[in-house]
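A structural walkthrough
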Amino acid sequence: MSGRDPEPPPEPPSSGDELLQRWERRIDAAGDPLAALAEVLGGRAARRERLFQRVGDVVLGYRLTAILGAGGMGVTYSGTAADGSDVAVKLVPGVGGGENRRFAQECRVLQELRHPAIVRYRDHAVLEDGTGVLCMERVRGVDLEHVLLGLQAEQPTGPAAALVEGIDAHPAERRRSPRFQRRVLRLLAEVADGLHTAHVAGVVHRDIKPANVLVRDDLSPVLIDFGLARDHQVRVSFTASGAAMGTLAYMAPEQLGGDRGTVDARADVYALGLVLFEALCGEPVRADVADVLADRARPFLLRARDSRALPVPLQAVLYRCLDPRPQRRYPTAADLASDLRAAAGQGTVRARRPSAVRRFARDRRRVGRLTAALLATAAGAAAWWSPGGRHVVFVANC
């Protein structure tokens, strides 16, 4: 005997409904709702904390060597297989109920998809304690979010260095280089190719963002994290209420609505357009939640400085991707990939930038100023002549 109390057996995996039922049982036993809630949530937190303590463990025959990252669903480790090959092992706590369906969906999707720009599946299982295990290829790269941040350094490393290789410019000016723009376009064209493969298989990713695109040093991308993917062939959905799923800053307008049936491949096209803008312009389209909500109906408009920095064909691609109306976007990710390569100098871009009049109409501030000026001019002209024909002269400060 060690003298230490034995650890309690792990609690079974929990869905939202199961957690509510457990809370009700604890209330009946303890009589204190807040204490019961703390006990229930504390159990979940403890299980998640244990996931960060698995370095050195062997799971499904893979030895876990280091933590690669963590997200809302779980923790991802680098690992080594019995044959010495490198793998990535994702551990998801409390896989049960809705969480189990979501985990099983991600595993099934990766099993079926085969494309160089989609992370490769190796194995999966659910352990006795309810931990989901998904083993994938180990991609030697950096997520695009950190690549874009690395562009701000005087001496970038890794994929960021490859993006600016041969570009002699201040970090703030690198994105204006045609060479940099071509490299970004080709990289995201490969991502669009991978997305098209998923879409043809009936799968919509629904969480396209820079953090879910890994980039190797040779600038080849790999799309990861299909945990929120929806399979339109089997009609699986994990939010019965129709709640929005994905990362808010990169959601298409239709993802914010309650009608899940309107979210299709064009939502991924919209999100990839947001990633393209961020990569080329150095900041996201949306600065806060207010921007996200406004974009549900507000047409996309490039700022003057971005219009000056981007060639017209590339502006046309952005306007086509980021139209709030799905029917006005690229119908497929393959069409987007084609135009991205064309904008990189490999053909003719089929998208067309809105006319100057239409772009002006989208700028509400300029339209408001023009309207005010026209009204003031009309009022001045009317006041210049009195109804009786007498000439009225007034002086105004300009």
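Residues numbered from 1 in each chain as written. Predicted model: local features only at pLDDT ≥ 70, side-chain atom pairs only at ≥ 80, totals over all residues. Heavy atoms only, no water.

A look at the overall build of the chain
Within the chain one finds 13 helices and 11 strands. Relative to all contacts within the chain whose residues are 6 or more apart in sequence, the contacts with residues 24 or more apart total 57%. (Helix = DSSP H or I, 4+ residues; strand = E, 2+ residues; numbered from the N terminus. Contact = heavy atoms within 4.5 Å.)

Looking at the sheet that holds strand β9 (residues 213-215)
One open sheet accounts for three strands, arranged β7-β9-β10; its pairing is antiparallel. Looking at the sheet topology across the chains shown, the edges are occupied by β7 (142-143) and β10 (221-223). Here β7 pairs with β9 via two bridges, running antiparallel. Looking at the pairing, D143 lines up with L214 of β9. Against the sheet, helix α6 (residues 178-200) engages β9 and β10, with an angle of about 35 degrees to β10. (Pairing = 2+ DSSP bridges. Axes fitted to C-alpha atoms, helices over the stretch in contact; angles between N-to-C directions.)

Side note on unusual backbone geometry
With a phi angle near 75 degrees, R206 is a residue other than glycine that sits in the positive phi range. By the element assignment, R206 lies in the loop between β8 (203-204) and β9. Residue class for R206 comes out buried when judged on its relative accessible area of 8%. Its identity as a non-glycine residue notwithstanding, D225 has a phi of 60 degrees, on the positive side. (Buried < 20%, exposed > 50% of the residue type's maximum accessible area, 1.4 Å probe, protein only.)

Structural notes on the side chain of D339
Tracing the backbone shows D339 in helix α11 (residues 333-346). Side-chain polar atoms of D339 contact the backbone nitrogen of R350, separated by 2.9 Å. If sequence neighbours within four positions are ignored, D339 has contacts with V317, Y330, T348, V349, R350 and A351. (Polar contact = N/O pair within 3.5 Å; in protein donor to acceptor, adjacent residues only side chain to side chain.)

So, the pairing of strand β6 (residues 132-137)
Taken across its six residues, β6 has six buried, putting it largely inside the fold. The loop that links strand β5 (residues 121-126) with its antiparallel partner β6 comprises five residues; one of these, G130, has a positive phi angle of about 90 degrees.

Details of the packing of aromatic side chains
As enumerated under the stated definition, the model contains two aromatic pairs in all. Aromatic side chains F277 and F300 sit 6.1 Å apart centroid to centroid with 85 degrees between the ring planes, which places their arrangement in the edge-to-face category. Of this pair, F277 sits in helix α7 (residues 265-281) while F300 sits in the loop between α8 (289-294) and α9 (304-309), and the two are 23 residues apart along the sequence. You'll find F277 and F300 in the same group, each marked buried. Ring geometry for F300 and Y319: centres 5.3 Å apart, planes at 65 degrees, overall edge-to-face. Pair noted here: F300 is in the loop between α8 and α9 and Y319 is in helix α10 (residues 312-321), with a separation of 19 residues, a long-range link. (Phe/Tyr/Trp six-rings, centres within 6.5 Å; stacked < 30°, edge-to-face > 60°.)

Observations regarding α6
Across its 23 residues, α6 extends 32 Å between first and last C-alpha, which sits within 8% of the 33 Å expected from 1.5 Å per residue. Looking one or two places after α6, you find G202, whose phi comes out positive at around 90 degrees. (Expected span 1.5 Å × (residues − 1).)

Thoughts on the pairing of strand β2 (residues 62-70)
Direction of pairing for strand β1 (residues 58-59) relative to β2: antiparallel, over a ladder of two bridges. Considered in β2, the bridge of V58 is made with R63. What sits between β1 and β2 in their antiparallel hairpin is a turn of two residues, with L60 showing a positive phi close to 55 degrees.

What to know about the confidence of the model for the chain
It should be kept in mind that the predicted coordinates are not to be read in detail where pLDDT is low. Considering every residue of the chain, the mean pLDDT works out to 80; 70% of them sit at 70 or more. Low pLDDT, under 50, characterises residues 1-15; the stretch is placed with 23 contacts to residues that sit more than four places away or in other chains. A low-confidence stretch, residues 389-398 stays under pLDDT 50, and its non-local contacts, those more than four residues away or across chains, total 10 contacts. (pLDDT = per-residue confidence, 0-100.)

Here we look at the pattern of salt bridges
Summed over all chains, the structure comprises 18 salt bridges. Note that E137 is salt-bridged to R216, the shortest N-O span being 3.9 Å. Residue E137 is found in strand β6, and its partner R216 is found in the loop between β9 and β10; the two are separated by 79 residues along the sequence. Take E137: its relative accessible area is 10%, and that puts it in the buried class. The partner of E254 in a salt bridge is R329, and the shortest N-O contact between them spans 2.8 Å. Taken as a pair, E254 in the loop between β11 (230-231) and α7 and R329 in the loop between α10 and α11 lie far apart in primary sequence, 75 residues in all. (Salt bridge = Lys/Arg side-chain N within 4 Å of Asp/Glu carboxyl O.)

A closer look at the sheet that holds β6
In spatial order, the strands read β1-β2-β3-β4-β6-β5; together these six strands make up an open sheet with antiparallel pairing. Bordering the open sheet on either side are β1 and β5, each of which pairs with just one other strand. Pairing of β5 with β6 involves five bridges; the strand directions are antiparallel. What sits directly across from H124, in β6, is L134.

Side note on the packing of α6 against α7
In contact at an axis separation of 11 Å, α6 and α7 are set at 165 degrees when each is read in the N-to-C sense. Regarding the angle of α6 to α7, the classification is roughly antiparallel. You can see that α6 and α7 cross each other, and the crossing is right-handed. Across the interface between the two elements, F180, Q181, V184, L185, L188, V191, A192, L195 and H199 of α6 pack against A265, D268, L272, V275, L276, A279 and L280 of α7. (Parallel < 35°, antiparallel > 145°, perpendicular 65-115°, else oblique. Left-handed = near helix turned anticlockwise from the far one by under 90°.)

Examining the packing of α6 against α11
Closest axis-to-axis distance for the α6/α11 pair is 8 Å, and the angle between their directions is 165 degrees. What the angle tells us is that α6 and α11 run roughly antiparallel. In this structure, α6 crosses over α11, and the sense of that crossing is left-handed. The residues of α11 that touch α6, namely those facing R182, L185, R186, L188, A189, E190, A192, D193, L195, H196 and H199, are A333, A334, A337, L340, R341, A343, A344 and Q346. Residues that form the contact of α6 with α11 fall into these classes: 11 nonpolar, three polar and five charged. (Nonpolar A, V, L, I, M, F, W, Y, C, P; charged D, E, K, R; others polar.)

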